[in-house]
Amino acid sequence: LALFAAGSVQAQLKISPVCPGLTVDVLEGSVNSLYPESSLEDIKAKLPCYNESSAELGTGCAGVFFKDKGINFYTYRDYIEINKDFKGTLSIPLMGADRGILFKYFGRPQAKDNAWEVYQVRHGILVVYFDEAGKINKMQISSKSADKFRLCE
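Residues numbered from 1 in each chain as written. Predicted model: local features only at pLDDT ≥ 70, side-chain atom pairs only at ≥ 80, totals over all residues. Heavy atoms only, no water.

Looking only at helices and strands, the chain has three helices and 11 strands in total. In the chain, the succession of helices and strands from N to C terminus is α-β-β-α-β-β-β-β-β-α-β-β-β-β. Buried residues in the chain amount to 37% of all 153 residues. In the chain, once contacts between residues fewer than 6 apart in sequence are set aside, the share between residues at least 24 apart is 42%. For the chain, the accessible surface area stands at approximately 8,800 Å², while carbon and sulfur atoms represent 53% of it. (Helix = DSSP H or I, 4+ residues; strand = E, 2+ residues; numbered from the N terminus. Buried < 20%, exposed > 50% of the residue type's maximum accessible area, 1.4 Å probe, protein only. Contact = heavy atoms within 4.5 Å. Areas by Shrake-Rupley, 256 points an atom, 1.4 Å probe, with all protein chains shown as cover.)

Written out as structure tokens, the structure reads:
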């Protein structure tokens, strides 16, 4: 009877996947050596602590999502989104910084608007978004050029 009870207790216990610390190399355009065009399987293998994933079916916004860590990989559209809730390290501390700091690291933007700016990085582009006070509150890293970059809605 004791063996039966011990077996049922173990069946109910689930081990949470351990995730390495998240490090975004802003200039390189990568997260833990994963790039915007990394496959769904590669991301899930290297970062097993995701909250949700959806397979690429040819359309839509498939990806691997880390909602509790403030980062999402959109594998179908080949971009990584980092928001103000990001729990990790940025190689350049941009989140919450004033938009004026961007010229120091990236030069002139390729394209810009009041709410966002696009910069060239080694592996593609960096799109930076601003709040009403001009502080950075979201970033997207893509391997596509600015004219081919498409967001998920």
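Read on for the rest.
Here the phi dihedral of Asn32 falls at roughly 50°; this positive angle occurs in a residue that is not glycine. By secondary structure assignment, the location of Asn32 is in the loop between β2 (30–31) and α2 (40–46). Phi at Ser33 takes a positive value of approximately 65°, unusual for a residue other than glycine. You can call Ser33 exposed: its relative accessible area is 52%.

The next point concerns the sheet that holds strand β7 (residues 89–90). As summarised here, the arrangement of the three strands in space is β2-β1-β7, forming an open sheet in which the pairing is mixed. This sheet does not close on itself; its edge strands, each paired only once, are β2 and β7. Two strands pair when backbone bridges link them, and strand β1 (residues 23–25) and β7 are joined in this way by two bridges, in the parallel orientation. Across the sheet, the residue bridging to Thr23 is Thr89, located in β7. (Pairing = 2+ DSSP bridges.)

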